[in-house]
Amino acid sequence: MATHSTTAGSATLERIERDYEAVAAQLPDAALARPLREQAARELRRLGWPKVTDEQWRYANLRAFDTVPGFRPSLPASARTSAAAAPPDLPPALPGFTRMLYIDGLRQGGALGSEPGGLEHWPPEQRLGLLGDMFASDTATLKIRGDARIELLFFNSEAATASYPRLQLQLEPSSELQLVERHLGAAPQAALVCPTAMIRLAAQSRLTHYRLQQCGPQTVFTDTLSAHLAEGAHYRVRQIALGAASARTSAHIRLQGRGAATSWQSIAVGRHQQVQDTALKVEHLAPDTQTEEVFRGIAEERARIAFNGHIHIAASAPGSDSRQSLRGLIEGDGAEIDLRPRLQIDTDAVRAQHGATTGALDDNLMFYLLARGIDRATARALLKWAFLGDVLRAIELPDVRRAAEHGAAGQLPDAAVIGALT
Amino acid sequence: MSAANEGRAPLLAINGLRVKVAGQEVLKGVSLTVRAGEVHAIMGPNGSGKSTLAHVLAGRPGYDIVGGGVEFEGRDLLSLAPEQRARAGLFLGFQYPVEIAGVNNAYLLKAAINAARRERGQSELDAFEFLSLVRAKIKLMQIDESFLGRGVNEGFSGGEKKRNEILQMLVLEPKLALLDETDSGLDIDALKVVADGINSLRSSERAIVLVTHYQRMLEHVVPDQVHVLARGRIVRSGDRTLALELERRGYDWISAPAAA
């Protein structure tokens, strides 16, 4: 393995290290102990800043980091006295859910995370998760026994230049959690939002994880997630990526126990010059494990959307089943979609299906609607909506589905037409 | 053609229509006149150009019009976009209706009927008016009302799709309905329901053109005229007895080059 050079992008890394040195002494141990932060900083230095020439970072918009004015997070003392931390207009609370509100990465209305967080071992392709370890100003540490419903609402105010929402979640055996994770932003100026999520699902536990990313238009969003599933655990993700100037999700799901299953369904809608990039790796490490992966992306105007879905079925995982369906719709003349399905199978007796298609709207569907007298603009809007429907309709919670639909409709230029459908 | 109808201006006048698909001439000079109040059947062997004719009239892209013309109520039909043709009162019942998951039937019907109403200078239907209109037609087509909330043709059987086509036709009340192989894939009961739906639209103000391979639909929807399309031309026209003769003798005797 070659050593990672820091020449490319070294200026970014230098800025990060400078900001870290300046703020390290003030970062709260309750979020993460200083020695662990130092360890993360050393690891990032060792790995170096990622390069677009690396396969894993090919579609990420690394240059967006140049727009971030600084990497220091809001700190507990300053945020509590800051006017910007006053609660803004937030979406109504979800019925039956406990809301935990974070503004600029800091929990509002009471301390949480009584247990300081630990470190995840981020592989090189997830190295930006190390930023969360270095700079986190708060950690949501959740241990779930029995059934629970929690909404994590992360709001970035105009005061923040960088925030590092950090979630450490553990489900006890046979417990069940419905988790809504929502990132909202008011900041019109450039800012970094860098969430990390470390998830452990014990045997037979079930997590449904709704993720809505609606950050401000200049935000650089870099999201790193790791999940470990024990025997019979079930992890469902419904991810809706809409906001930010540049957004990357890097997720790594390990199906470690027999019969563990994951279902990842996501949509990304980009317009203007947005970049929405997802790199998802699922590892089947035990027998009879299952993956379902669905992605629908629409690139309007000059947006760029990428989905890199890597499924690895290890020799230790006979009887596994994986299905992957990736589809992209190019709607803008300067738009780009890159779908990369990758299936790596090291054992026999597995079932695997995968397909990836990118193109324009289906002419046959279009003609059908026109032949009913529906005008072209409405027909286009209807078909785009239908395209996203696979994922949107799979959102079981009506309030979350409506929020996702409204968000997605607002992101399409045909919002007025689609509004009548939602 | 009824004698009373002969003096009326044609609803549809096709004159020497020639159409190429991928460089190949598929329609080689089709002429046909349809007046309000009439039902015409266009029959012919597979590959004779029947579906091409229906699609060209509805405005499907991908066809190269190389000769002739079509007038609809005196307007140049071929210069209109497909959506304009539909709003002018032309309806195509598809042989293979598409499935559009994520757009429900109610929305499609409402968008379509309001587009037609705007064209006619009428106000749009509100939710109550729309539902009462659609409910009556749904009942006639023996479709369960829950269908309104389902995606367009999503998971429908072949027969359900055809019934849905006729339902759309009944809601839109077109001046001219072109029904492309609507009878294919229907069992006897469904055929009867579909035929009843079509017959309910018959009036002195409208016309229906049935494109079909078999004459069994014509036992239920009795045509005024039957035309045989073969090798891109109408090679024979007659009354409904022509359809019975085709049923008995097949198409070979009429579509072979010598018969042209």
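Small disclaimer: the values here were computed from a predicted structure and weren't measured.

Caption draft 1: Broad picture of the overall build of chain B. Regarding its fold elements, chain B presents 8 helices and 12 strands. Here the C-alpha coordinates of chain B stretch approximately 60 × 40 × 40 Å along the principal axes. Per-residue burial for chain B yields a buried fraction of 43% across its 260 residues. For chain B, the share of sequence-separated contacts (at least 6 apart) that also reach a separation of at least 24 residues comes to 72%.

Caption draft 2: Focus on the overall build of chain A. A count of helices and strands for chain A gives 8 helices and 20 strands. Along the first, second and third principal axes, the C-alpha atoms of chain A reach 70 × 50 × 50 Å. Looking at the 422 residues of chain A, the share that counts as buried comes to 52%. Intrachain contacts of chain A at a sequence separation of at least 6 include 85% that bridge at least 24 residues.

Caption draft 3: Inspection of the interface of chain A and chain B at higher detail. Contact residues are listed per partner, giving 18 residues for chain A and 21 residues for chain B. Those elements that provide at least two residues to the side of chain A that touches chain B are helix 5 (363-370) and helix 6 (376-392) of chain A. Looking at the side of chain A that touches chain B residue by residue, the classes come out as 10 nonpolar, 4 polar and 4 charged.

Caption draft 4: Here's a closer look at unusual backbone geometry. Positive phi, close to 50°, is recorded for Glu301(A), a residue that is not glycine. Among the secondary structure elements, Glu301(A) is positioned in the loop between strand 16 (290-299) and strand 17 (304-313). By the C-beta count within 10 Å, which is 15 here, Glu301(A) ends up partly exposed. Phi is positive for Arg231(B), which is not a glycine, with a value near 50°. Its place among the elements puts Arg231(B) in the loop between strand 11 (225-230) and strand 12 (233-238).

Caption draft 5: Layout of the packing of helix 5 (residues 158-172) of chain B against helix 6 (residues 188-201) of chain B. Residue and element names in this part refer to chain B. Running from N to C, helix 5 and helix 6 cross one another at 10°; their axes reach a closest spacing of 10 Å. By the criterion of interaxial angle, the relationship of helix 5 to helix 6 is roughly parallel. Listed contacts from helix 6 to Gly159, Lys162, Arg163, Ile166, Met169 and Leu170 of helix 5 are Ala190, Val193, Val194, Gly197, Ile198, Ser200 and Leu201. By residue class, the composition of the contact of helix 5 with helix 6 is 8 nonpolar, 3 polar and 2 charged.

Caption draft 6: Region of the structure containing the nonpolar core. Grouped together as the largest cluster of nonpolar side chains are 194 residues, with contacts concentrated most on Leu201(A), Ala408(A) and Leu178(B). It is helix 6 of chain A that provides the largest number of residues to this core, a total of 10 residues.

Caption draft 7: Summary view of the pairing of strand 9 (residues 176-180) of chain B. All names here are of chain B. Of all the 5 residues making up strand 9, 5 are buried; the element is thus mostly covered by neighbouring parts of the structure. Here strand 9 shows two buried faces, one formed by Leu176, Leu178 and Asp180 and the other by Ala177 and Leu179. Judged from the 4 bridges that link them, strand 6 (residues 90-93) and strand 9 form a sheet pairing that is parallel. Its bridge partner being in strand 9, Leu90 is matched across the sheet by Leu176. Chirality of the crossover, the property in question, places the unit of strand 9, helix 6 and strand 10 (residues 207-212) among those that are right-handed.

Caption draft 8: Examining the sheet that holds strand 1 (residues 12-21) of chain B more closely. Residues and elements named next belong to chain B. Strand order in the open sheet formed by 4 strands is 2-1-4-5, with antiparallel pairing between adjacent strands. Whereas interior strands pair on both sides, the edge strands pair on one side only; in this sheet they are strand 2 (24-34) and strand 5 (75-76). Here strand 1 pairs with strand 2 via 8 bridges, running antiparallel. The residue of strand 2 that forms the bridge with Lys20 is Glu25.

Caption draft 9: Local environment of the packing of helix 4 (residues 127-140) of chain B against helix 5 of chain B. All names here are of chain B. Close contact between helix 4 and helix 5 brings their axes to 10 Å; oriented N to C, the two are set at 140°. Classified by the interaxial angle, the pair formed by helix 4 and helix 5 is oblique. In this structure, helix 4 crosses over helix 5, and the sense of that crossing is right-handed. Residues Leu133, Val134, Lys137, Ile138 and Leu140 of helix 4 form the contact with helix 5, whose own contacting residues are Leu167, Leu170 and Val171. Taken together, the residues that form the contact of helix 4 with helix 5 break down as 7 nonpolar, no polar and 1 charged.

Caption draft 10: Representation of the confidence of the model for chain A. In this model, chain A carries an average pLDDT of 90, and 91% of its residues clear a pLDDT of 70 or more. Here residues 79-84 of chain A scores under 50 on pLDDT; set against residues more than four positions off or in separate chains, the count is 10 contacts.

Calculation notes
Residues numbered from 1 in each chain as written. Chains lettered and ligands numbered in written order. Predicted model: local features only at pLDDT ≥ 70, side-chain atom pairs only at ≥ 80, totals over all residues. Helix = DSSP H or I, 4+ residues; strand = E, 2+ residues; numbered from the N terminus. Buried ≥ 20, exposed ≤ 12 C-beta atoms within 10 Å, placed from the backbone. Contact = placed C-beta atoms within 7 Å. Nonpolar A, V, L, I, M, F, W, Y, C, P; charged D, E, K, R; others polar. Axes fitted to C-alpha atoms, helices over the stretch in contact; angles between N-to-C directions. Parallel < 35°, antiparallel > 145°, perpendicular 65-115°, else oblique. Core = buried A, V, L, I, M, F, W, Y, C linked by C-beta atoms within 7 Å. Pairing = 2+ DSSP bridges. Right-handed = clockwise from strand over helix to strand, strands pointing away. Left-handed = near helix turned anticlockwise from the far one by under 90°. pLDDT = per-residue confidence, 0-100.

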